[in-house]
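Here's the letter readout for the chains.
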Amino acid sequence: MKKTLTDYEKIIGPVAISKLRQVARDLKGASVVHVNSTREGGGVAEILFWMIPLMRELGLDALWEVIEGNAEYFNTTKTFHNGLQGNDVILTDRMIRAYEDTVAGNADRLRPVLQDADFVVIHDPQPAFLHELCPDKSGRWIWRCHIDASHPNRAVWNYLRSKVNNFDASIFSMPDFAHKLDHPQFIIAPSIDPLSDKNIELSDKEIKDTLQNFNIDPNRPILCQISRFDRFKDPIGVIKAFNLLNGSFNAQLVLAGGGATDDPEGAAVLEEVHRAANGNKNIHILMLPPDAHRIINALQRASTIVIQKSLQEGFGLTVTEAMWKCKPVIGGNTGGIRLQVHNHHTGFLVDTPEGAALRIRKLLYQPDVISKIGQTAKEFVKENYLCNRHLREYLTLMLGLRKGLANHLIAG
Ligand code: UDP
């Protein structure tokens, strides 16, 4: 269903909407092209899904383009991703060739629209080489890095740096991720859309039906982690934490996720997860289709505690989604999760499966604490991580770049 800005007034109030319209006024008619590498799966697609229509409603001419590539390209870009997040990866000449040839093929298709755009926002490394391939560009190019790039593999960063250094600006989710680049860098945290299928209120019946479809018992505690099957999300660590509960509280664990078309490692990780679960009937491993937004919404709402035990995390929209649904989050003590999870207030940060098990146990003993933390978590998201704040900061940045104020302007 098409939403309008007015629909958001009920949640964020008329002043926030008026402010958005005010900032957008000077950008009316500006063309903005966002480029990423998948239309579904993962946080970037999740964000672009609401951001494009809202930018359009505010009078900008917003477009979303997606890089197309083969398995070799996506294996290479996953290597970039893993390398940026600090893994010890090997980047070969052949991989670089596969990357550059694929982006060059896409450039032939995208060049006209990119060269004419007032703003181009390149999400993550997958499309970054497009900048070099559009020599007659007229607009401002922004590199939006969603990844925890705080301690990148040197070879990967040196290569990517050569691709992004000539952009007009870059955006990182938190200061720790920023790098020495020859252009201004901005810190803008991601956000969720409270009116998306993933986050809207659901009826009790829909939640109950969803649980029933997956044979999950609504009368026992539900611990849940929603994530792509990716080693950085540490699904095996979650299983270890669950096993440490030794059946206490009669709890159930739900590990639910699908793949993303730009993530080739999902199948192998899913297999590892099944092996680790070792047939435990209290562990539900759900492979979901990419459009399972209401199912994920229902699983999050049905959860007693949400876990996001990532080992590295750019931001962790799943954390935001859970907090919006009044859930305490037990999150890995890393990256963007630290922005959201504040010990004893919105959840708990943990470093190990043992730490996670301890926090789960303590929370399950104290239902009143679960509910208090959940309320605080929702308020915290409302103040900080809803789409209006995120959009306003993008627009402010664009205005600043257009007026040449970039060196003096920090959105946030
Ligand atoms: N998600 C989904 N289906 C899945 C797994 C995840 O729709 O099977 C969504 C999830 O609800 C969240 C986003 O994808 O909105 C994941 O974003 P996050 O920042 O948590 O992690 P990323 O996948 O971008 O690393």
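See the structure above.
Not measured: the values here are computed from a predicted model. (Residues numbered from 1 in each chain as written. Predicted model: local features only at pLDDT ≥ 70, side-chain atom pairs only at ≥ 80, totals over all residues. Heavy atoms only, no water.)

(A) Focus on the nonpolar core. Counting residues in hydrophobic clusters, the biggest one holds 57 residues, and the most contacted among them are Leu27, Met55, Leu58, Leu60, Leu391, Leu395 and Met398. Per-element tally for this core: the top contributor is helix α3 (residues 43–57), with nine residues. Once residues within four sequence positions are removed from consideration, leucine 58 is found in contact with Leu5, Leu20, Arg21, Ala24, Lys28, Leu391 and Leu395. (Core = buried A, V, L, I, M, F, W, Y, C linked by side-chain atoms within 4.5 Å. Buried < 20%, exposed > 50% of the residue type's maximum accessible area, 1.4 Å probe, protein only. Helix = DSSP H or I, 4+ residues; strand = E, 2+ residues; numbered from the N terminus. Contact = heavy atoms within 4.5 Å.)

(B) Up close: the site of the ligand. Within the structure, the ligand sits among 15 residues, and Gly43, Arg228, Lys233, Gly258 and Glu321 are positioned closest to it. At a separation of 2.9 Å, an oxygen atom of the ligand approaches a polar backbone atom of leucine 317. At a separation of 2.4 Å, an oxygen atom of the ligand approaches a polar side-chain atom of glutamate 321. Looking at the shell around the ligand, the elements with two or more residues in it are α3 and α12 (317–324). The biggest single contributor to the shell around the ligand is α12, with three residues. (Near = heavy atom within 4 Å. Polar contact = N/O pair within 3.5 Å; in protein donor to acceptor, adjacent residues only side chain to side chain.)

(C) Representation of the packing of aromatic side chains within the structure. Taken as a whole and judged by the stated rule, the model has 12 aromatic pairs. Where tyrosine 99 meets phenylalanine 129, the ring centres are 6.3 Å apart and the plane angle is 40°; that geometry is what we call tilted. With tyrosine 99 in helix α5 (residues 93–116) and phenylalanine 129 in the loop between β3 (119–123) and α6 (130–133), this pair connects stretches of sequence that are 30 residues apart. By relative accessible area, which is 8% here, phenylalanine 129 ends up buried. Look at phenylalanine 249 and tyrosine 365: their rings are 5.0 Å apart centre to centre, the planes differ by 75°, and that puts the pair in the edge-to-face class. Within this pair, whereas phenylalanine 249 is found in the loop between α9 (235–244) and β8 (252–257), its partner tyrosine 365 is found in helix α14 (residues 353–365), the two being separated by 116 residues in sequence. What makes phenylalanine 249 partly exposed here is its relative accessible area of 24%. For tyrosine 365, a relative accessible area of 61% translates into the label exposed. (Phe/Tyr/Trp six-rings, centres within 6.5 Å; stacked < 30°, edge-to-face > 60°.)

(D) Main features of helix α15 (residues 367–384). Over its 18 residues, α15 runs 26 Å from end to end, which matches the ideal 26 Å to within 8%, given 1.5 Å per residue. For α15, every residue scored as buried is listed here: Ile370, Ile373, Gly374, Ala377 and Val381. The buried residues of α15 occupy an angular sector of 110° when the element is viewed end-on, so they sit on one face. Across from the buried face of α15, at angles greater than 90 degrees, the exposed residues are Asp368, Lys372 and Glu383. Buried residues belonging to α15 abut β10 (305–308), α12, β12 (347–350) and α14. (Expected span 1.5 Å × (residues − 1). Arc of directions from axis to C-beta.)

(E) View of unusual backbone geometry. A positive phi angle is found at aspartate 234, which is not glycine, with a value near 50°. Counting through the fold element by element, aspartate 234 comes out in the loop between β7 (222–226) and α9. The phi angle at asparagine 246 is positive, at roughly 55°, despite the residue not being glycine. Its place among the elements puts asparagine 246 in the loop between α9 and β8.

(F) Structural view of the environment of threonine 77. Structurally, threonine 77 is set in helix α4 (residues 71–84). In this structure the C-alpha to C-alpha distance between threonine 77 and proline 127, which are 50 residues apart in sequence, comes to 9.5 Å. With near-sequence residues (within four places) excluded, threonine 77 lies in contact with Tyr99 and Gln126.

(G) Molecular detail of the sheet that holds strand β11 (residues 329–332). One open sheet holds the six strands; their spatial order is β9-β8-β7-β10-β11-β12, and the pairing between them is parallel. Among the strands making up the open sheet, the edge pair consists of β9 (283–287) and β12. Pairwise comparison of adjacent strand axes, ignoring direction, gives a mean angle of 20° for this sheet. Relative to β11, β10 runs parallel, the two sharing three bridges. Within β11, the position partnered with glutamine 308 by the bridge is glycine 331. Taken strand by strand, α14 contacts β7, β10, β11 and β12, and its axis lies near 160° from that of β12. (Pairing = 2+ DSSP bridges. Axes fitted to C-alpha atoms, helices over the stretch in contact; angles between N-to-C directions.)

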